[in-house]
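# Chain and residue survey
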Amino acid sequence: MVSGLLSPSRMVAPPDWSRWLIPPAALAVHLSIGQVYAWSVFKPPLEEALGLSGTLSALPFQLGIVMLGLSAAVGGTLVEKRGPRWAMTVSAVCFSLGFLISSLGVALGQYWLVVLGYGFVGGIGLGIGYISPVSTLMKWFPDRPGMATGIAIMGFGGGALIASPWSTQMLDTFGEDRSGIAQTFLVHGLVYAVFMSLGALLVRVPAPGWRPKSMPQQVVKPMITTADVTANTALRTPQFWLLWVILCCNVTAGIGILEKASPMIVGFFSNSATPVATGAAAGFVALLSLTNMAGRFVWSSASDVVGRKNIYRLYLGGGTLLYLGILLFGATGVPVFVLCAILILSFYGGGFSTAPAYLKDLFGNLQVGAIHGRLLTAWSVAGVLGPLIVNAVADAQEASGAKGPELYAVSLYIMIGLLVVGFIANELIRPVAPKFHEPAKGGDK
């Protein structure tokens, strides 16, 4: 019965199916797995309850992002073959099970189980769930691929907007000791299992040859191909690896702040006339999640008009200027710091949601989901580099007696350098050479 429900043939939508039912299905999964962006809420309680350093408490988050990229890369082709319902179901099982294992680990005082559960098992759910609706949405919205991917990946960026205050409230209710953290993880696992299952039941794929009635005749534009490239062939093109560098640099520059958002804003102003309380820091995490989410939809939708290359110029060039703003003026007041941070996170989120449409422009729609999965290995690398840079530098600076903004100055300079590298890589992208294209009728080589 379960096998029949997950069969690709059972997912083909009837002729009268509305394509606007697909975004809610995608959001049910992405809003759930987007909880990973609220991990910083758990860092201080875990550090206190289990005696961890800031670097060690980031390990489940880092491993989760690594597994996201690896599982997306390895499972991308399988997701394309088995369909989005199968992928969403696998994601729900792994992501929820990760919380349950973590709950057991905290209750027993065994931190390695938290790393295994949230980082490894849950990370597999992150990767499979992340790519599961992307190619499906682009098939339903071939007329607006940037908007379509923005809808899906917006949910991932906005997951912390729900999870951050929800997790904070549960920790206040259950307590921030081992028992309270374990109960909080348990509730997360059970609730997300139900919510993600609803998305899996709702999702459908369009019938072969389906096109929206309102779709205008395709106009060939620069940097947008009418041909297709397979996933294996894409790996041999310079365009893929330039995009890999772009995504890695953009993600590293944003994820380091996001993972340490709550303790960072507290530490940045700890010795100022306007210190930031823990409750306000949790609100800052939620605000970052909101702009991360909004950026994924707004900037990606804008890319349908201005082009992917131009929008990445904004992400990378604008991000460089904003990091300079934090270095030069961030300590002058909380509003300046917050304004720069939320704009950086909007570009960070936009970079994620625009990437699948950029891939579609360069490589066509044939195996864009599988290509996207391979590209996400850049996220795996960035998921280690970003938090490692920020946490390790902050720990080293603190050990040397530095306080306030001095804890993060070196990290910010590193982020600026990475964004400049990404900007250069984006300038080097050109259309894919015809020798990499599939024959006109498509098919695997």
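Looking at an unreviewed UniProt entry, one finds the chain named MFS transporter and attributed to Saccharopolyspora aridisoli. The chain has a UniProt comment under Subcellular location (unreviewed entry) that states "Cell membrane".

## Some thoughts on the pattern of salt bridges
This model, assessed by the stated rule, comprises six salt bridges. Taking the shortest distance from any N to any O, the salt bridge between R19 and D143 comes out at 3.2 Å. Here R19, found in the loop between α1 (2–5) and α2 (22–33), pairs with D143, found in the loop between α8 (134–140) and α9 (145–174); they are 124 residues apart in sequence, far enough to count as distant. Given a relative accessible area of 10%, R19 falls into the buried group. By relative accessible area, which is 22% here, D143 ends up partly exposed. As a salt-bridge pair, R308 and D361 come within 2.7 Å of each other at their nearest N and O atoms.

## Observations concerning the packing of aromatic side chains
Evaluation of the coordinates by the stated rule reveals 25 aromatic pairs. Considering the side-chain rings of F284 and F337, the 6.0 Å spacing of their centres and the 45 degrees angle between planes classify their relative orientation as tilted. Here the residue F284 occupies a position in helix α14 (residues 278–306), and F337 occupies one in helix α16 (residues 334–363), the gap between them amounting to 53 residues. Plain terms: the ring middles of Y312 and Y315 are 5.0 Å apart, the flat faces sit at 80 degrees to each other, and that makes the pair edge-to-face. With Y312 and Y315 both in helix α15 (residues 308–329) and three residues apart, this pair spans about one turn of that helix. Taken together, W39, F42, F95, F99, Y118, W166, F185 and Y192 form an aromatic cluster joined through their ring pairs.

## Comments concerning a nonpolar patch on the surface
Taken together, the side chains of L321, L324, L328, F329 and V336 make up a nonpolar region of the molecular surface, amounting to roughly 470 Å² of accessible area. Top contributing element to the nonpolar patch by residue count: α15, with four residues. Relative to the elements of secondary structure, F329 occurs in helix α15. Classification of F329 by relative accessible area gives partly exposed; the value is 48%.

Definitions and cut-offs
Residues numbered from 1 in each chain as written. Predicted model: local features only at pLDDT ≥ 70, side-chain atom pairs only at ≥ 80, totals over all residues. Heavy atoms only, no water. UniProt positions renumbered as here; feature names shortened; annotations may be inferred. Salt bridge = Lys/Arg side-chain N within 4 Å of Asp/Glu carboxyl O. Helix = DSSP H or I, 4+ residues; strand = E, 2+ residues; numbered from the N terminus. Buried < 20%, exposed > 50% of the residue type's maximum accessible area, 1.4 Å probe, protein only. Phe/Tyr/Trp six-rings, centres within 6.5 Å; stacked < 30°, edge-to-face > 60°. Patch = residues over 30% accessible without salt bridge, like charges linked within 9 Å, V, L, I, M, F, W, Y side chains within 5 Å. Areas by Shrake-Rupley, 256 points an atom, 1.4 Å probe, with all protein chains shown as cover.

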